Amino acid sequence: MTHGISIQLNNFLAAFILLTSFALLAQRRIYGLLVIFAWQGFFLSLSSAIVAYTADIRHLYVSAALTLLLKVIVLPYILYALINKLNIFREVEPLVNIPTTMLIGVALVIFSYHLTAPVRELSTLFTRTTLAVALSTVLLGFLMMITRKKAVTQVIGFLAMENGLFFAATSATYGMPLVVELGVALDILIAALIFGIFIFQIRTTFDTLDLTEMEKLKEDS
Amino acid sequence: MNILEQLLTEAMQIALTALAAPLFVGWVRMLKCWSQGRRAPGILQPYRNLLKLFSKDILLAENASWVFRATPYVVFGTILMAGSVIPVISSELPLSASADIIALVALFGIARFFTALAGMDVGTSFGGMGSSREMMIASLAEPAVLMTAFTVSLFSHSTSLSVIVKYVQGLSFFLSPSMAFVFFAFILIMLAETGRVPVDNPVTHLELTMIHEGMILEYSGRHLALMEWAGMMKLFVFSSLGIALFSPWGIASDVAGVPFALLLVALKLTAIGVIVVLIETGMAKMRIFRVPEFLGTAFLLATLGMLSHFMLE
């Protein structure tokens, strides 16, 4: 019975992760984005803890704790500090309008559902159904990176993509080995710091965070 | 259940829809007053308003056609019909077989169609404005409502409300992502369809932002009373639809269980009133051009609910 309940709980959390991915696409304010991103990390960590408990895999607890620490507290804080420092309070500027982005997002979800169908057939893990959600989270993060102009929102899209990858690892194989997990966590932390410096540099050089401005780097022909 | 008991339950359901709706609205208004730090009129104030309006004369515009005069009765009738098919006190509702959840959406559609026509009938600018806005919102809300209906009926393999209620009651441990999505979609739709705050403001007259009030601005006397009553019933019907779909526990299956079911429904409605007022107090009215986004979100949630039914369950 506990098994049945954890499957339901895990599916429920998967649905919430999917929901937060869409919320990231829909949110117009940068602070709102950070809050949603933190929630996504929270659901992710809760989901891995449930998987760890149900499948009795110790190292997944460590991953869950790391996710909680990094993606719910540290990364949002770093980004928050960055946003404050850069004084970006304006609304997020999407390249494609938001309802259209949402529709593309729904199409991506259907696409990933079909793409993961063979894996779902073969896998025996109880998390196999959430794989489609994991893949759609990756694709939605990708979509967010593509459709946003500003560097900070693209970074959040990137981090959401990483969330999706982590979730995919948990649902496809009960998580990566601990060494890999630790490496990825460190990577993400470093990446966020580098992004911070990078974004700051873009700002001081171009006086804007709009990446379309960088097209001016081309030589005049 | 014999025919007499069936008739009795049906009569009680209809009476509940018609008579409890003003009470529910009174409760919501009372909460709203308290949340804004005002002193509330009694919970029975909507009844008093209706009585006052019924006793007044009708003032008709010179160019009002039969559409204008017929609309209050049509709207009142369709909404009452909608209320009579939602199994909220007993799942053995005889009329419930006559209209499923899609027909229910159509009933709301009829009411809306006539209200919009009546808004334009007299030819005042406010009425026309209200009608055109109402139609814009309707065209966006209806796909979302239908998507919600489809997702819910995917579970029970039936569009009949009675079957859905019985199915959900039969589940032991119920934590389904698609139901959660559909639930949130339903809340958004309910706010839009019943003209609550983020979409329309039910308490403003003579404001440029009004939608529903704009359409019924020309009504007076008995007609206005019926329109207002229908509006109250619409909120009640949507709330009971929410109860039937998402928290049907305690809905009786025979006549003996009806008193207890009534008590539970009263409790649930009290809670729904609190939720509605919390949402309304926490939000500001949206710009009309933000409404498509709001309802787009509802549609998206309902679609996600349907997708996750296939993906995760």
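Parameters at a glance
- Residues numbered from 1 in each chain as written.
- Chains lettered and ligands numbered in written order.
- Predicted model: local features only at pLDDT ≥ 70, side-chain atom pairs only at ≥ 80, totals over all residues.
- Heavy atoms only, no water.
- Helix = DSSP H or I, 4+ residues; strand = E, 2+ residues; numbered from the N terminus.
- Rg over C-alpha atoms; globule rule 2.2 N^0.38 Å.
- Buried < 20%, exposed > 50% of the residue type's maximum accessible area, 1.4 Å probe, protein only.
- Contact = heavy atoms within 4.5 Å.
- Areas by Shrake-Rupley, 256 points an atom, 1.4 Å probe, with all protein chains shown as cover.
- Lys, Arg positive; Asp, Glu negative; His and termini not counted.
- Charge placed at Lys NZ, Arg CZ, Asp CG, Glu CD.
- Phe/Tyr/Trp six-rings, centres within 6.5 Å; stacked < 30°, edge-to-face > 60°.
- Lys NZ or Arg CZ within 6 Å of the ring centre and 35° of its normal.
- Buried area = accessible area lost by both parts, 1.4 Å probe.
- Salt bridge = Lys/Arg side-chain N within 4 Å of Asp/Glu carboxyl O.
- Nonpolar A, V, L, I, M, F, W, Y, C, P; charged D, E, K, R; others polar.
- Axes fitted to C-alpha atoms, helices over the stretch in contact; angles between N-to-C directions.
- Parallel < 35°, antiparallel > 145°, perpendicular 65-115°, else oblique.
- pLDDT = per-residue confidence, 0-100.
- Expected span 1.5 Å × (residues − 1).

Asker: Explanation requested: the overall build of chain A in the structure shown.
Answerer: Looking only at helices and strands, chain A features eight helices and zero strands. Secondary structure elements in chain A, listed N-terminal to C-terminal, are α-α-α-α-α-α-α-α. Its C-alpha atoms give chain A a radius of gyration of 18 Å, near enough to 17 Å, the size a compact globule of 221 residues would have. Projected onto its principal axes, the C-alpha coordinates of chain A cover approximately 65 × 35 × 30 Å.

Asker: What am I meant to see in the overall build of chain B here?
Answerer: If you tally the helices and strands in chain B, you get 11 helices and zero strands. Across chain B, helices and strands are ordered from the amino to the carboxyl terminus as α-α-α-α-α-α-α-α-α-α-α. Against the globule reference of 20 Å for 313 residues, chain B gives a C-alpha radius of gyration of 19 Å, in line with a compact fold. Taken over the C-alpha atoms alone, chain B extends approximately 60 × 45 × 40 Å along its principal axes. Here chain B holds 313 residues, and 54% of them are scored as buried. Partitioning the intrachain contacts of chain B with sequence separation of at least 6 by distance along the chain shows that 80% fall at a separation of at least 24. Accessible surface for chain B amounts to roughly 13000 Å². Of this, 69% is attributable to carbon and sulfur atoms. One finds the centroid of the 18 positive side-chain charges in chain B at a distance of 9 Å from the centroid of its 19 negative side-chain charges.

Asker: It is not clear to me how the packing of aromatic side chains should be interpreted in this structure. Could you clarify?
Answerer: What characterises a pair of aromatic rings is the spacing of the ring centres plus the angle enclosed by the ring planes. The full count for this structure, using the stated rule, is 17 aromatic pairs over all chains. Between Phe158(A) and Phe195(A), the ring centres sit 5.5 Å apart and the planes meet at 75 degrees, which makes this aromatic pair edge-to-face. Placement of Phe158(A) in helix α7 (residues 151-173) and of Phe195(A) in helix α8 (residues 178-206) is noted, with a sequence separation of 37 residues between them. Given a relative accessible area of 28%, Phe158(A) falls into the partly exposed group. Relative to Trp229(B), the ring of Phe54(B) lies with its centre 6.2 Å away and its plane at 80 degrees, an arrangement referred to as edge-to-face. One end of the pair, Phe54(B), is in helix α2 (residues 45-54); the other, Trp229(B), is in helix α9 (residues 221-246), and 175 residues separate them in sequence. Assessed through its relative accessible area of 17%, Trp229(B) is described here as buried. A connected cluster of aromatic rings, assembled from ring pairs, spans Phe108(B), Phe183(B), Phe184(B), Phe186(B), Phe238(B) and Phe246(B). The ring of Phe166(A) has Lys71(A) lying over it, and the distance from NZ or CZ to the ring centre is 4.9 Å.

Asker: Just to check I follow, could you spell out the interface of chain A and chain B for this structure?
Answerer: Size of an interface, as often reported, equals the accessible area lost when the parts are brought together. At the interface, 24 residues of chain A touch 17 residues of chain B. For the pair chain A and chain B, the two sides together bury roughly 1900 Å², of which 79% comes from carbon and sulfur. Here chain A and chain B share one salt bridge between them. Of all elements in the fold, only α1 (2-26), α4 (98-115) and α6 (131-147) of chain A reach the threshold of two or more residues within the side of chain A that touches chain B. A per-element tally of the side of chain A that touches chain B places α1(A) first, with 10 residues. Of the residues contributing to the side of chain A that touches chain B, the split by class is 17 nonpolar, five polar and two charged.

Asker: Explain the packing of helix α1 (residues 3-35) of chain B against α2(B) to me, please; I cannot follow it from the model alone.
Answerer: Each packed pair of helices is defined by two parameters, the angle between the axes and the distance between the axes. All names here are of chain B. Running from N to C, α1 and α2 point in directions that differ by 125 degrees, and their axes come no closer than 7 Å. With respect to each other, α1 and α2 are oriented oblique. Here Leu19, Ala20, Pro22, Leu23, Val25, Gly26 and Arg29 of α1 lie close against α2, whose contacting residues are Pro46, Tyr47, Asn49 and Leu50. Here the residues of the contact of α1 with α2 sort into eight nonpolar, two polar and one charged.

Asker: Got a minute to help me understand the environment of Ala117(A) in this structure?
Answerer: Residues and elements named next belong to chain A. With respect to the helices and strands, alanine 117 occurs in helix α5 (residues 117-122). Judged by relative accessible area, which is 24%, alanine 117 ranks as partly exposed. On a C-alpha basis, the gap between alanine 117 and leucine 131 in space is 9.2 Å, while along the polypeptide they are 14 residues apart.

Asker: It is not clear to me how the confidence of the model for chain A should be interpreted in this structure. Could you clarify?
Answerer: Predicted coordinates in areas of low pLDDT are best not read in detail. Residues of chain A with pLDDT of at least 70 account for 93%, and the chain-wide mean is 84. Per-residue pLDDT, averaged within each element of chain A, yields its smallest value for α8(A) (80) and its largest for α6(A) (92).

Asker: Even after reading the chapter, I still don't get the packing of α2(B) against α9(B), so can you show me in this structure?
Answerer: Residues and elements named next belong to chain B. α9 packs onto α2 with a crossing angle of 155 degrees between their chain directions and a minimal axis gap of 7 Å. On the basis of the axis angle, α2 is roughly antiparallel to α9. Residues Pro46, Leu50, Leu53 and Phe54 of α2 form the contact with α9, whose participating residues are Gly221, Arg222, Leu224, Ala225, Leu226, Glu228, Trp229 and Met232. Residues that form the contact of α2 with α9 fall into these classes: nine nonpolar, one polar and two charged.

Asker: Looking at this structure, I do not really get α8(A). What am I missing?
Answerer: Note on helix geometry: an α-helix contains 3.6 residues per turn, so any two residues three or four positions apart are oriented the same way. Residues and elements named next belong to chain A. When the terminal C-alpha atoms of α8 are compared, their 41 Å separation across 29 residues agrees well with the 42 Å that a helix rising 1.5 Å per residue should span. Taken as a whole, α8 has its buried residues at Glu181, Ala185, Ile188, Ala191, Ala192, Gly196, Ile199 and Ile202. The inward-facing, buried residues of α8 contact α3 (58-86) and α7. At the exit of α8 stands aspartate 207, carrying a positive phi of roughly 65 degrees.

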